[in-house]
Amino acid sequence: METREKIIIIGGGFAGLQLAKTLNNKNKKVLVVDRVNHHMFQPLFYQVACGRIEPSNISFPFRKIFQRSRNTQFRLTEVKEIDTANNKVITEEAEFSYDKLIIATGCKTNFFGNKDLESKAFGMKNTQEAISIRNHVLMTFEKLILEKSRSDDGNWNIVIVGSGPTGVELAGAFAEMKKEILPRDYPYMNFAHLEIILVSSTEKPLAVMSAEAQNKSEEYLKDLGVTFLSQEYVTDYDGDKVYMKSGKTIPSNNVIWAAGVTGNVVDGFPQEKLIKNRYITDRYNKIKGYDNIFAIGDIAYMETPKYPQGHPQVANVAITQAKNLGKNLLRKNTADWKEYEYEDKGSLATIGKHRAVVDLPFVKFQGFLAWFFWMFLHLMLILSVRNKLAVFFNWMWSYFNKDSSLRLIISPNKKNETLQ
């Protein structure tokens, strides 16, 4: 009887999950290893941070996803090292052998080596960080009421560093929260003193999108009252003030860092296998120098004629690389494998109610239609019908009531953080 090939996938993000689904119920033994027990729909993290949707609405337990699978298993543990010589994945609790290994560990927030920023500013690359932002921002207002502190000294300002889609969407959401929700929750506070500040190293927001999208998004931000600081570089943050290269400072207790990402690299590979903290792969996503180890998604650096500097670190690249690799792994002969090339499907971002920008290969549009298109696309990408309905209900409730009931401050019970 033929022995089934053992395939280990490290990471259950867009790339890892898509690959596991492609291989699901096929003639392979698949093991998904992740340090959290669920897949997270990262494009909507900003709505968790602003209290618009619950984390459970965009989180999907792996054991539920593969509940009826005949060949896919899941293990909750953190990978410490890859023993490439012996084909083993070494985790905190166990070791797993593999015939083929796929690394899909994605990215984390890049603070560019600044320890103060890393310890005092908030990233937003996982569910816990999104919840922490929500907790911290709401606690700022609660403390101001208790301490009867002045609100005009700027200490409650919300500063977002980075004007890509994440930064722009956060700024728009917090600006709407300031206008529609917070004055009702805190009727004796003067929210005219609260500034939503978006700090950008580029001249316009959404620098990777078209000029039309950049100009329109800047217009939307100004309409919402967001202060847009262009061509500014944050150099430090001490917990009370943001320091910039120009010499300017911004008082704030709430700083969200959305200015870059870096790969989640696993130990066990020499430095020459990496470029920009991503594994160098060939056109089949095989890591250079290895016959049975692959990297897909944000962690993979692949040069192609269309993308000589590597592919953008976006969800669609991760999903399509995973699909291509999955189909290749199911082919009997490696001679039949297909090389990967990314076909850009476009990009989009929303900047509040009725405000969005969409760049497609064949058309560009903004405004209400773009906003509706953004909502429809994201709903379709969410995994389960139950979660689609939950998100849609929350969106409709917020749309008609200009409110949300999801502003819970959830602090962990430190006594129960670890299992005894």
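Residues numbered from 1 in each chain as written. Predicted model: local features only at pLDDT ≥ 70, side-chain atom pairs only at ≥ 80, totals over all residues. Heavy atoms only, no water.

## So, the packing of helix H1 (residues 14-23) against helix H8 (residues 315-330)
At a closest axis distance of 8 Å, the pairing of H1 and H8 adopts a crossing angle of 30°. As far as their axial angle goes, H8 and H1 are roughly parallel. The crossing of H1 and H8 is right-handed. Residues Phe14, Ala15, Gln18, Leu19, Thr22 and Leu23 of H1 lie in contact with H8, whose contacting residues are Ala315, Ala318, Ile319, Ala322, Lys323, Leu325, Gly326, Lys327, Leu329 and Leu330. (Axes fitted to C-alpha atoms, helices over the stretch in contact; angles between N-to-C directions. Helix = DSSP H or I, 4+ residues; strand = E, 2+ residues; numbered from the N terminus. Parallel < 35°, antiparallel > 145°, perpendicular 65-115°, else oblique. Left-handed = near helix turned anticlockwise from the far one by under 90°. Contact = heavy atoms within 4.5 Å.)

## As for a nonpolar patch on the surface
Taken together, the side chains of Phe368, Phe372, Phe376 and Met380 define a hydrophobic patch exposed on the protein surface, amounting to about 440 Å² of accessible area. Inspection of the secondary structure puts Phe368 in helix H9 (residues 368-381). Phe368 sits in the partly exposed class, given a relative accessible area of 46%. (Patch = residues over 30% accessible without salt bridge, like charges linked within 9 Å, V, L, I, M, F, W, Y side chains within 5 Å. Areas by Shrake-Rupley, 256 points an atom, 1.4 Å probe, with all protein chains shown as cover. Salt bridge = Lys/Arg side-chain N within 4 Å of Asp/Glu carboxyl O. Buried < 20%, exposed > 50% of the residue type's maximum accessible area, 1.4 Å probe, protein only.)

## Digging into the UniProt feature "transmembrane region" (unreviewed entry) in the protein
Residues given the UniProt feature "transmembrane region" (unreviewed entry) here are residues 368-385. Spanning residues 368-385, this segment combines 83% helix with 0% strand, and its end C-alpha atoms are found 25 Å apart. (UniProt positions renumbered as here; feature names shortened; annotations may be inferred.)

## Points about helix H6 (residues 165-185)
Along its 21 residues, H6 runs 28 Å from first to last C-alpha, staying within 8% of the 30 Å computed at 1.5 Å per residue. Taken as a whole, H6 carries its principal kink of about 45° at Lys178. (Expected span 1.5 Å × (residues − 1). Bend = angle between axes of the 7 residues up to and from the residue.)

## Section: unusual backbone geometry
We note that Gln231 has phi near 50°; this positive angle belongs to a residue other than glycine. Position of Gln231 among the secondary structure elements: in the loop between strand S13 (227-229) and strand S14 (234-237). By relative accessible area, which is 52% here, Gln231 ends up exposed. Of note in this structure, His354 is not a glycine but carries a positive phi near 65°. Relative to the helices and strands, His354 is located in the loop between strand S23 (347-350) and strand S24 (356-359). Look at His354 and you get partly exposed, because its relative accessible area is 31%.

## Description of the sheet that holds strand S12 (residues 196-199)
Read across the open sheet, the 4 strands follow the order S13-S12-S11-S17; overall the sheet is parallel. What marks the edges here is a single partner per strand, and that holds for S13 and strand S17 (254-257). With direction set aside, neighbouring strand axes in the sheet form an average angle of 20°. Of the pairings in the sheet, the one linking strand S11 (residues 158-161) to S12 comprises 4 bridges and is parallel in character. Paired with Val161 across the strands is Val199, a residue of S12. This element, H6, spans S11, S12 and S17 of the sheet and lies at about 170° to S12. (Pairing = 2+ DSSP bridges.)

## Brief notes about the pattern of salt bridges
The tally for this structure, following the rule as stated, stands at 16 salt bridges. Residue Lys120 is joined to Asp116 by a salt bridge in which the shortest nitrogen-to-oxygen separation is 3.8 Å. Here Lys120 pairs with Asp116, and both are found in helix H4 (residues 115-120), just 4 residues apart, close to one helical turn. Assessed through its relative accessible area of 34%, Lys120 is described here as partly exposed. In this structure Asp116 comes out as partly exposed when scored by relative accessible area, which is 32%. Look at the salt bridges and you will find they share partners, linking Glu5, Lys28 and Lys100 into a network.

## Points about the pairing of strand S1 (residues 5-10)
Counting buried residues along S1, 5 of its 6 residues qualify, which places the element largely inside the surrounding structure. Note that S1 and strand S2 (residues 28-34) share 6 bridges and pair parallel. Its bridge partner being in S2, Ile9 is matched across the sheet by Val32. Chirality of the crossover, the property in question, places the unit of S1, H1 and S2 among those that are right-handed. In this structure, S1 lies alongside strand S9 (residues 100-103), joined through 4 bridges in parallel fashion. Paired with Ile7 across the two strands is Lys100, which belongs to S9. (Right-handed = clockwise from strand over helix to strand, strands pointing away.)

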